[in-house]
Amino acid sequence: MHPIIYDVAVSADGFIAGPDADVSAFPHAGAIVDDYMARLATYAVALMGRATYEFGYEFGLEPGANPYPHMRAIVVSSTLSLPNDAQVEIWHDLSGLQALCETADGPIYLCGGGKLASAVAATGQLTCLRMKRAPIVLGGGTPLFAGLPSSHILSLVEQRDYGDGLLFQDFRFS
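Residues numbered from 1 in each chain as written. Predicted model: local features only at pLDDT ≥ 70, side-chain atom pairs only at ≥ 80, totals over all residues. Heavy atoms only, no water.

Asker: What's the story with helix 4 (residues 114-123) in this structure? I'm lost.
Answerer: One full turn of an α-helix is made of 3.6 residues, so residues set three or four places apart face in the same direction. Along helix 4, the residues classified as buried are Gly114, Leu116, Ala117, Ser118, Val120 and Ala121. Trailing helix 4 by a residue or two, Gly124 shows a phi angle of about 80 degrees, which is positive. (Buried < 20%, exposed > 50% of the residue type's maximum accessible area, 1.4 Å probe, protein only. Helix = DSSP H or I, 4+ residues; strand = E, 2+ residues; numbered from the N terminus.)

Structure (structure tokens):
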């Protein structure tokens, strides 16, 4: 059984992107990013919502292309249309999540967004929360969890201080 790991940058006020999906205030280089890239190489499946997938279009991602070519990529959306030769799968709901955990070639990277993270947490199958905490206040935008229907107890497994207010925290869901 492979874990589902929500590995995400987050502001001090709990947002993974600012208004209009702005992520420019988050660090894009340095040791915290290098460590994230090393973790990224260990994931076998990328699971994302439609808005997260379409965010890649702003950076040249073509519709249907896989933003993580070394991973199987799944976009959860009931409205996204992609070309027939798409390199990503579309799931209309999370009914295949348990089977994915059982059959994936390795850990599953939940890369966003906040609504999908809440939906996965609500199934009880979200295993880990890995936060790259930045010393910024965005004041709005995409929350870490949007509409989470219940509270969850987390256990801190690891914490690293990168200096200048940058902090990595690895939690397990109980």
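From this point, the narrative continues.
Asker: Looking at this model, I keep getting lost on the packing of aromatic side chains. Mind explaining?
Answerer: The description of an aromatic ring pair uses the distance of the two centres, along with the angle that the planes make with each other. Within the structure shown, the criterion is met by 6 aromatic pairs. Ring geometry for Tyr68 versus Tyr109: centroids 5.6 Å apart, planes at 85 degrees, classification edge-to-face. Placement of the pair is Tyr68 in the loop between helix 2 (50-55) and strand 4 (72-76) and Tyr109 in strand 6 (residues 108-112), with a sequence separation of 41 residues. (Phe/Tyr/Trp six-rings, centres within 6.5 Å; stacked < 30°, edge-to-face > 60°.)

Asker: Sorry if this is basic, but what is going on with helix 1 (residues 31-40) here?
Answerer: Buried within helix 1 are the following residues: Ile32, Val33, Tyr36, Arg39 and Leu40. Across the axial projection of helix 1, the buried residues extend over an arc of 115 degrees, all falling on one side. Looking at the buried side of helix 1, the elements it contacts are strand 1 (4-11), strand 6, strand 7 (128-134), strand 9 (154-163) and strand 10 (166-173). (Arc of directions from axis to C-beta. Contact = heavy atoms within 4.5 Å.)

Asker: It is not clear to me how the side chain of Arg130 should be interpreted in this structure. Could you clarify?
Answerer: Residue placement: Arg130 occurs in strand 7. Excluding residues that lie within four positions of it along the chain, Arg130 makes contacts with Ile5, Tyr6, Asp7, Val8, Arg39, Tyr43, Phe168, Gln169, Asp170 and Arg172.

Asker: Would you mind showing me how to read the side chain of Gln125 here?
Answerer: With respect to the helices and strands, the residue Gln125 is situated in the loop between helix 4 and strand 7. A relative accessible area of 18% means that Gln125 is categorised as buried. A polar contact is formed between the side chain of Gln125 and the backbone nitrogen of Gln98, at a distance of 3.4 Å. (Polar contact = N/O pair within 3.5 Å; in protein donor to acceptor, adjacent residues only side chain to side chain.)

Asker: Explain the sheet that holds strand 3 (residues 45-49) to me, please; I cannot follow it from the model alone.
Answerer: Hydrogen bonds along the backbone pair up the strands of a sheet, which may run parallel or antiparallel. The 8 strands lie next to each other as 5-4-3-6-1-7-10-9, forming an open sheet whose pairing is mixed. Edge positions in the sheet fall to strand 5 (89-91) and strand 9, since each of these pairs with one other strand and no more. Taken pair by pair, the neighbouring strands of this sheet meet at an average axis angle of 20 degrees, ignoring direction. Sheet topology places strand 1 next to strand 6; 3 bridges connect them, and they run parallel. (Pairing = 2+ DSSP bridges. Axes fitted to C-alpha atoms, helices over the stretch in contact; angles between N-to-C directions.)

Asker: Honestly, unusual backbone geometry in this entry has me stumped. Any pointers?
Answerer: Residues apart from glycine generally show negative phi values, whereas peptide bonds are mostly found in trans. Of the consecutive residues Gly112 and Gly113, the connecting peptide bond is found in the cis state with omega at 5 degrees. Relative to the helices and strands, Gly113 resides in the loop between strand 6 and helix 4. Phi at Asp20 takes a positive value of approximately 60 degrees, unusual for a residue other than glycine. Mapped onto the elements, Asp20 comes out in the loop between strand 2 (15-17) and helix 1. For Asp20, a relative accessible area of 78% gives the class exposed. Although it is not a glycine, Asp164 sits at a positive phi angle of roughly 55 degrees.

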